[in-house]
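# Per-entry structural report
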Amino acid sequence: MKKRKILILFLILIILIITIFFLKRFPKLQKYDDFLFLKLYSKGILNKDINLQNDKKHNNKKEYHFKIDYKNTDLKSIDLAETINKESLIYEKIAPGTNGEFSIILDSNQKLKYKIQFISINEKPKNLKFKALKDGSIISEATTLEELTQKLTGNINRNEKINIIIKWYWDYEDKENEKNVDMQDTKDSGNIKKYEFNIYTIGEEFS
């Protein structure tokens, strides 16, 4: 097993050296650097054999706490990179093949209706998708955070805590549009440095 790991690491090193050589010889290939490396990662060149060195998951699980008050709006600004799953992190940025999650924790000192809303600060990558879960069940899935908010509403009791988990993922493959997905991901991975958005919570009269 140890020899196998060393062999894999050696092969990766050779691939990286060859890639750097070609990028220096052909500067036009530079814009594809991140995407190609990430795709190799996703397809298995950097496979589970490396991750076996750590049995524990290294998810960066972020929690954002909101107090629900009547006729009051609470706001937090979020950088999605802060919520990334470290096992999928490459080059310290959001890119194809990455994923993550964060929790929205609600509590209130009175019985109210709550609403959760998102507003993007900058444009998100096209193939970045989201799902919201409550009590282990999916309550909403969408291609934008704004669409996700349509079902992020409900009632909260006094001294109750509600945990809404938002999962996000940027997959490589779009089966409905496989021919164009590589071009779109390449374009988005080159343009996006970070994706930021605001979370709002609103308290309304109980219904």
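Residues numbered from 1 in each chain as written. Predicted model: local features only at pLDDT ≥ 70, side-chain atom pairs only at ≥ 80, totals over all residues. Heavy atoms only, no water.

## Here we look at a nonpolar patch on the surface
Filter applied, for reference: Nonpolar side chains (Val, Leu, Ile, Met, Phe, Trp, Tyr) within 5 Å and like charges within 9 Å form the patches, drawn only from residues with over 30% relative accessible area and no salt bridge. Areas reported here follow the Shrake-Rupley algorithm with a probe of radius 1.4 Å; residue values treat only the protein chains shown as occluding. Salt bridges are defined as contacts in which a side-chain nitrogen from Lys or Arg sits within 4 Å of a carboxyl oxygen from Asp or Glu. Numbering of helices and strands runs from the N terminus, with a helix taken as a DSSP run of H or I at least four residues long and a strand as a DSSP run of E at least two residues long. To sort residues, take the accessible area from a 1.4 Å probe on protein chains only and compare it with the maximum for the residue type: under 20% means buried, over 50% means exposed, and anything in between is partly exposed.
A contiguous nonpolar surface patch, about 650 Å² in accessible area, is contributed by L7, F10, L11, L13, I14, I17 and I18. Tracing the chain through its elements places I18 in helix α1 (residues 2-25). Overall, I18 belongs to the partly exposed group, its relative accessible area being 43%.

## What to know about unusual backbone geometry
You will see that D135, though not glycine, has its phi angle at about 55°, which is positive. Positioned with a positive phi, N159 is a non-glycine residue whose angle comes to about 65°. Residue N159 is classed as exposed on the basis of its relative accessible area, which comes to 61%.

## Topic: the nonpolar core
Filter applied, for reference: We define a nonpolar core as any set of buried Ala, Val, Leu, Ile, Met, Phe, Trp, Tyr and Cys residues linked to one another through side-chain atoms lying within 4.5 Å. Note on contacts: a residue pair is in contact if any heavy atoms of the two residues lie within 4.5 Å.
Within the largest apolar cluster, 30 residues are counted, with the highest numbers of intra-cluster contacts made by I104, F118 and I166. For this core, the element with the most residues is strand β8 (residues 161-170), which contributes 5 residues. Not counting residues up to four positions away in its chain, the partners in contact with I104 are Y64, F66, I116, F118, I162, N163, I164, I166 and I199.

## Structural notes on the sheet that holds strand β7 (residues 153-156)
So the rule is basically this: The criterion for strand pairing is that DSSP finds at least two bridges linking the strands in question. Working convention: axes come from line fits to C-alpha atoms, limited for helices to the stretch in contact. Angles between N-to-C directions cover 0 to 180 degrees.
Pairing is antiparallel across the open sheet formed by 4 strands, whose spatial order is β2-β9-β4-β7. The open sheet has two edge strands with one neighbour each: β2 (73-79) and β7. Neighbour to neighbour, the strand axes of the sheet diverge by 25° on average, direction disregarded.

## A short note on the confidence of the model for the chain
To be explicit about the condition: Values of pLDDT, ranging from 0 to 100, describe the predictor's confidence in every residue of the model.
Taken as a whole, the chain shows an average pLDDT of 76; of its residues, 64% reach a score of 70 or greater. pLDDT under 50 marks residues 27-59. Its contacts with residues more than four places away, or in other chains, come to 53 contacts.

## Remarks on the pairing of strand β9 (residues 196-205)
Consecutive side chains along a regular strand alternate between the two faces of the sheet. Pairing between β2 and β9: 7 bridges, direction antiparallel. What sits directly across from I78, in β9, is F197. As paired strands, strand β4 (residues 112-120) and β9 are joined by 9 bridges and run antiparallel to one another. If you follow I116 over to β9, its bridge partner there is T201.

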